[in-house]
Amino acid sequence: QVQLVESGGGLVQAGESLTLSCAASENIFNFNDMGWYRQAPGKERELVATINVGGVTNYAGFAEGRFTISRNNVQNTVYLQMASLKPEDAAVYYCRARILFRHYWGQGTQVTVSS
């Protein structure tokens, strides 16, 4: 069973940066792609960014230019670097991995941004 463990969440002030990590229990080359999603209270879960096995990235509009997704194939870890954080970025951030049509999710990490 694939396990994904997120870390790095916390409380920051608006304008500050934060880096999230997602450690996978197996070689991330096994995944077609990995990504970060977020869910704020009362809202649906939404895509933040994805990165595929070839390193091609995709970002939601709000993340473009402020967030960077990357992967470390040796450590089997995917990162989300977030800069210029805004109060509206506050949410639980989830890591997802996909193998064909199967999706695996982490437990999430809370990001809180104070104004």
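See the structure shown above.
Residues numbered from 1 in each chain as written. Predicted model: local features only at pLDDT ≥ 70, side-chain atom pairs only at ≥ 80, totals over all residues. Heavy atoms only, no water.

(A) How the structure looks around the overall build of the chain. What the chain contains, in helices and strands, is zero helices and eleven strands. Reading the chain from its N terminus to its C terminus gives the helix and strand order β-β-β-β-β-β-β-β-β-β-β. Compactness check: the chain gives a C-alpha radius of gyration of 13 Å against a globular reference of 13 Å for 115 residues, within 12% of the reference. The principal-axis extents of the C-alpha atoms in the chain amount to approximately 40 × 25 × 25 Å. Considering the chain as a whole, with its 115 residues, one finds that 42% of them fall into the buried category. Put simply, 53% of the contacts in the chain that link residues at least 6 apart link residues at least 24 apart. Summed over its atoms, the accessible surface of the chain is roughly 6000 Å², and 48% of this surface lies on carbon and sulfur atoms. Charged side chains of the chain number 9 positive and 9 negative; the gap between the two group centres comes to 4 Å. (Helix = DSSP H or I, 4+ residues; strand = E, 2+ residues; numbered from the N terminus. Rg over C-alpha atoms; globule rule 2.2 N^0.38 Å. Buried < 20%, exposed > 50% of the residue type's maximum accessible area, 1.4 Å probe, protein only. Contact = heavy atoms within 4.5 Å. Areas by Shrake-Rupley, 256 points an atom, 1.4 Å probe, with all protein chains shown as cover. Lys, Arg positive; Asp, Glu negative; His and termini not counted. Charge placed at Lys NZ, Arg CZ, Asp CG, Glu CD.)

(B) Representation of the state of the cysteines in the model. Applying the stated criterion across every chain yields a total of one disulfide. Here C22 connects covalently by a disulfide to C95, the sulfurs 2.0 Å from one another. Linking C22 and C95, the disulfide has an S-S dihedral of approximately -80 degrees and is accordingly described as left-handed. Residue C22 is located in strand β3 (residues 18–24), and its partner C95 is located in strand β9 (residues 91–99); the two are separated by 73 residues in the primary sequence. Here the two residues C22 and C95 agree in accessibility, since each one is buried. (Disulfide = S-S within 2.5 Å.)

(C) View of the sheet that holds strand β1 (residues 4–7). With antiparallel pairing, the four strands of this open sheet are ordered in space as β1-β3-β8-β7. The open sheet has two edge strands, β1 and β7 (67–72), and neither has a second partner. Direction aside, the axes of adjacent strands within the sheet are offset by 15 degrees on average. When β7 meets strand β8 (residues 77–82), the two strands line up antiparallel, connected through six bridges. Considered in β8, the bridge of N72 is made with T77. (Pairing = 2+ DSSP bridges. Axes fitted to C-alpha atoms, helices over the stretch in contact; angles between N-to-C directions.)

So yeah, pure geometry; function would need other evidence.
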